[in-house]
Amino acid sequence: MLFCFIGNDPIFGSIFLLVAAYYVLVVLSLLHLIFKTNYNLTERLLWMVVLWVVPVFGLLAYWVFWSRRSKV
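Report follows, based on the coordinates. What you see is a predicted model, and the numbers here were worked out from it, not measured in a lab. (Residues numbered from 1 in each chain as written. Predicted model: local features only at pLDDT ≥ 70, side-chain atom pairs only at ≥ 80, totals over all residues. Heavy atoms only, no water.)

A short note on the environment of Trp 66
Worth spelling out the cut-off: A run of H or I in DSSP counts as a helix once it spans at least four residues, and a run of E counts as a strand once it spans at least two, with each numbered from the N terminus. Relative accessibility under 20% of the residue-type maximum defines a buried residue, over 50% an exposed one, and the middle range a partly exposed one, all with a 1.4 Å probe and only protein chains included. Throughout, a residue-residue contact means that at least one pair of heavy atoms, one from each residue, lies within 4.5 Å.
With respect to the helices, strands and loops of the structure, Trp 66 is situated in helix H4 (residues 57–71). Exposure remark for Trp 66: the relative accessible area of 27% places this residue in the partly exposed category. Distance from Trp 66 to Thr 37, taken between C-alpha atoms, is 8.5 Å for residues 29 residues apart in sequence. Non-local contacts of Trp 66, meaning those with residues more than four positions away in its chain, are made with His 32, Thr 37 and Tyr 39.

Okay, structure coming up:
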């Protein structure tokens, strides 16, 4: 039913695709956070909250801070 509206309204379709892409990136970031980093439990939980609660800036902040930490 939802996909019928995507084809009829280009604005709704683009917003839907942007939101879907955002949450795919959030899930990938969470998987990276859980399995690929050496953050302690408190830091991981804090980043999980930031990734889910703060839109766009939380996603960008995670990857910027992680890249800075890996360079040190």
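There is more to say, and it comes next.
A word on the packing of aromatic side chains
Each aromatic ring pair is described using two quantities: the centre-to-centre distance and the angle formed by the ring planes. The condition is simple: Aromatic rings from Phe, Tyr and Trp, with only the six-membered ring used for Trp, were paired whenever their centres fell within 6.5 Å, and each pair was classed as stacked if the ring planes differed by under 30 degrees, edge-to-face if by over 60, and tilted otherwise. We call a charge positioned over a ring when the NZ of a Lys or the CZ of an Arg lies within 6 Å of the ring centre and within 35 degrees of the ring normal.
Evaluated as defined, the whole model comprises five aromatic pairs. Aromatic side chains Trp 47 and Phe 65 sit 5.9 Å apart centroid to centroid with 50° between the ring planes, which places their arrangement in the tilted category. Taken together, the positions of Trp 47 in helix H3 (residues 41–53) and Phe 65 in helix H4 put the pair 18 residues apart, joining distant regions of the chain. Taking the relative accessible area as the measure of exposure, Trp 47 reaches 15% and is therefore buried. By the ring-pair criterion, three or more aromatic residues cluster together here, those being Trp 47, Tyr 62, Trp 63, Phe 65 and Trp 66. The cationic tip of Arg 68 hangs over the ring face of Phe 65; the distance from NZ or CZ to the ring centre is 5.8 Å.

Digging into the environment of Arg 69
Positionally, Arg 69 belongs in helix H4. Among the residues examined, Arg 69 registers a relative accessible area of 35% and is labelled partly exposed. Excluding residues that lie within four positions of it along the chain, Arg 69 makes contacts with Asn 38, Tyr 39 and Glu 43.

Considerations on the packing of helix H2 (residues 10–35) against H4
Convention followed: To get an axis, fit a line to the C-alpha atoms, keeping to the stretch in contact for a helix; angles then go from 0 to 180 degrees between the N-to-C directions. Two helices that cross are described as forming a left-handed crossing if the nearer one is turned anticlockwise from the farther one by less than a right angle, and a right-handed crossing if clockwise. Throughout this entry, Asp, Glu, Lys and Arg are counted as charged residues, while Ala, Val, Leu, Ile, Met, Phe, Trp, Tyr, Cys and Pro are counted as nonpolar. The remaining residues, Gly among them, count as polar.
The N-to-C vectors of H2 and H4 enclose an angle of 35°; their axes lie 10 Å apart at closest approach. The two elements H2 and H4 meet at a crossing, and its hand is left-handed. Residues Tyr 22, Leu 25, Val 26, Ser 29, His 32 and Leu 33 of H2 touch H4, and the partners they reach there are Leu 59, Tyr 62, Trp 63 and Trp 66. A per-class count over the contact of H2 with H4 returns eight nonpolar, two polar and no charged.

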